[in-house]
Amino acid sequence: MANIVVCYKWVLDEQDIKVNPGNLALDTSRAKSKISDYDRNAIEEAVLLNEKDGHKVTGLTFGVAGAKQSLKDALSRGPAEAVWVNDPVAAEADAFVTANVLAGALKKVGNYDVIICGEGAADTYAQQVGPRLAAVLGIPAITFVNQMSIEGDKVVATRKLGDCTETVTASFPVVVTVLPEINKPRIPSLKQVLGASKKPVTEIKLADLGLNPDDLKRKTTVKSLKGYAMTRKNVIYKDGSTAEKVAKLVAELAKEGAL
Amino acid sequence: MPTFLTEEQELMRQTAREFAKNEVAPVAKQLDETHEFPWAWVKRCAELGFLGIPIPEEYGGVGADALSEALIIEEIAKESGSLALIIDAHTSLGAMPLLFEGTEAQKQKYLVPAAKGEKLMSFGLTEPSAGSDAGGTKSTAVLDGDEWVLNGSKCWITNIGAAETYIVTAKTDPDKGNRGISAFILEKGTPGFEVGKLENKMGLNNSATGELIFKNVRIPKENLLGKLNRGFPLFLKGLDEGRLAISAMAVGMAQGVLDRAVAYSKERVQFGKPICKFQAIAFYLADMATEIELARTLLYRVARMHGAGQNFSKEVAILKYYASEMCVRVCNLGVQIFGGNGYSRDFEVERFYRDAKLLTIGEGTSEVCKIVISGNVLA
Ligand SMILES: Cc1cc2nc3c(=O)[nH]c(=O)nc-3n(C[C@H](O)[C@H](O)[C@H](O)COP(=O)(O)OP(=O)(O)OC[C@H]3O[C@@H](n4cnc5c(N)ncnc54)[C@H](O)[C@@H]3O)c2cc1C
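All values derive from a computational prediction rather than experimental measurement.

> I'm lost on a nonpolar patch on the surface in this one. Help?
All names here are of chain A. A grouping of Val246, Leu249, Val250, Leu253 and Leu259 is seen on the molecular surface, where their side chains present a nonpolar patch of about 420 Å² in accessible area. Within the fold, Val246 resides in helix α6 (residues 242-255). Assessed through its relative accessible area of 46%, Val246 is described here as partly exposed.

Shown next, in the form of structure tokens:
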């Protein structure tokens, strides 16, 4: 039996974010939060592995006070328990900070054999937390995984690369980041939802992780945050043969610097 | 939509929303055309717990409150009125009377499989001569030794054929009007108990509605539900449950139409701009949103009264009357905003428009609700 820890991020639901058409500012005042979609694949994969061979699945999140709401949501999807690192720093954390905090939490919790993350977060999709987490912990990372199994004390995973797939094996402990196509997350039943409140939750304060202040200083800075507006020119090349129309389109795109 | 729900209520609603969006919406239009009973949906509803929401865990249900049930029906009704009605007839009308008045043996035998979603339920009160006036019930039940013998027929009954367990009413004292009616539990397949023809309905095409026929149906004495000649107050209590569910359906369907109308009005261009830029259309949307929000506010309040164990008969009649009429008005505006496309089967608002009209008729017409409301006001 392996100890599987799934990391998930509590993000704003992008469907609720409104873009001001004038200055492209984002209005998040009415946005609800959700478990990042790709992390739902990570949770589902951990739960599937547990159903197949019997492992222990723990959910782990680093979030602000509002992320408390995520715990029952995550637990209703199948993990046996959850760990929440609760700190306002999470609001401003980049992948560097997040990976340091998650690594600190994992060390504190102790037993971990397989750590599963989504390939990227639904909000930033920087695809960095998984590999960085492995680096901080000094363990292997297997990324772009679309199929995985646990065999003894090893993970066997198939990675989907540009033009091929690659099957790799790594001994515990190991970080695995999964692609959305790896599974189709289930909808939790009402009984699972109500059962979630009976599962144990551990709340950890950032101060208890004994991290160095530099570990909590973000490496990136956000200069501005804006929605994007797609403006269409609605140009249709009607005249001439297909070859001529394509040539005109290419010439026009080249002139605008798009090619 | 700040609604001050508990975390559990939010999550249960999320479960229903995901199910409705991912599994109901993609096939709702096609199923409406084939009129078939949506077994695949019903099976999923059983797995997710939607067929036993307010039934306590000890009887195989989820043990959630009335508000949770309203939230779930609301989400499902945004995509399919038929499925919402199937759940309403099964749970509020069928299973709740068993929970209220069933003996322990009846609960174990009939309520547990219903709450788990293994067996669907149906509730038969209406007859050709007994609609708003249940006193006109002509079906009879006569005790013969250890068995009741039922004769007569029912019409307009939801979930016929699909259901395994039926709660039906019959006269046990022909001289006593409403005070001579009792409720019975019938199993599908009992000799003499037939499912008659389906009604040729205007909408709600996926909920099977039609006749039940009793020809010397013999059932054990212990299948009397509740006290002899006390069927009337029992189904009035069940109808209060049903009115809450119907109102949740009304709010959900109206919201479904508003969402579709908003999207359409932003895309449809006439006179050089999207039609939502015309104040006439924008104000329709404002009226729809206002009415829906009012009905929803009352829905959640009445559900909370129910959850707190208060008598909510008057309030639920007010809610049912307002919400059902509101839904019809909103659907009417929805079709108007879609113009000619609103009149087309290819766009879904037409289905909602047809489905919505049941809401002002079933489980107490608007007029009957006003009788209840005025009676309370004048009392
Ligand atoms: C889709 C659908 C599903 C249904 N499912 C079920 C079910 O599962 N189980 C079940 O038992 N029944 C079911 N019904 C029946 C439904 O409950 C009845 O249709 C309803 O109660 C009205 O009865 P009625 O049709 O006989 O109309 P009537 O009672 O004949 O009413 C006709 C009109 O007269 C008005 N009216 C009647 N009496 C008065 C009065 N005293 N004062 C003022 N106005 C009055 C009514 O409001 C209505 O406008 C269903 C109906 C439909 C359409």
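Still more ground to cover, so stick around.
> Before we go on, may I ask you to explain the pairing of strand β3 (residues 147-158) of chain B in this structure?
Two faces, one strand: in a regular strand the side chains alternate between the faces of the sheet. Residues and elements named next belong to chain B. Bridge analysis of strand β2 (residues 140-144) against β3 gives five bridges, and the strand direction is antiparallel. Along β3, the bridge assignment pairs Thr140 with Asn151. Between the end of β2 and the start of β3, which pair antiparallel, lie two residues, with Gly145 showing a positive phi angle near 65 degrees. The sheet contact formed by β3 and strand β7 (residues 209-220) spans nine bridges and is antiparallel. Residue pairing across strands places Glu147 opposite Pro220, the latter belonging to β7.

> Teacher, can you tell me more about unusual backbone geometry here?
Note: most residues except glycine have negative phi, and most peptide bonds are trans. Going from Phe172 of chain A to Pro173 of chain A, the amide bond is cis rather than trans, its omega being -15 degrees. With respect to the element layout, Pro173 of chain A can be found in the loop between β11 (165-171) and β12 (174-178).

> It is not clear to me how the domain arrangement of chain B should be interpreted in this structure. Could you clarify?
Many structure descriptions define interface size as the accessible area lost when the parts assemble. Residue and element names in this part refer to chain B. We note that the domain assignment places domain 1 (7-115), domain 2 (121-228) and domain 3 (233-378) within chain B. Here domain 1 and domain 3 have C-alpha centroids that lie 20 Å from each other. Each partner contributes residues to the interface: domain 1 has 25 residues there, and domain 3 has 32 residues. Buried area between domain 1 and domain 3, summed over both chains or domains, comes out near 2,300 Å², and the portion from carbon and sulfur atoms is 65%. Counting across the interface, domain 1 meets domain 3 through three salt bridges. In this structure, Asp32 and Arg354 form a salt bridge, with 3.0 Å as the shortest nitrogen-oxygen distance. Residue assignment for the side of domain 1 that touches domain 3 shows that the elements contributing at least two residues are α1 (7-34), α3 (66-77) and α4 (81-101). Top element by residues in the side of domain 1 that touches domain 3 is α4. It accounts for 10 residues.

Rules used throughout
- Residues numbered from 1 in each chain as written.
- Chains lettered and ligands numbered in written order.
- Predicted model: local features only at pLDDT ≥ 70, side-chain atom pairs only at ≥ 80, totals over all residues.
- Heavy atoms only, no water.
- Patch = residues over 30% accessible without salt bridge, like charges linked within 9 Å, V, L, I, M, F, W, Y side chains within 5 Å.
- Areas by Shrake-Rupley, 256 points an atom, 1.4 Å probe, with all protein chains shown as cover.
- Salt bridge = Lys/Arg side-chain N within 4 Å of Asp/Glu carboxyl O.
- Helix = DSSP H or I, 4+ residues; strand = E, 2+ residues; numbered from the N terminus.
- Buried < 20%, exposed > 50% of the residue type's maximum accessible area, 1.4 Å probe, protein only.
- Pairing = 2+ DSSP bridges.
- Domains from an automatic or database assignment.
- Contact = heavy atoms within 4.5 Å.
- Buried area = accessible area lost by both parts, 1.4 Å probe.

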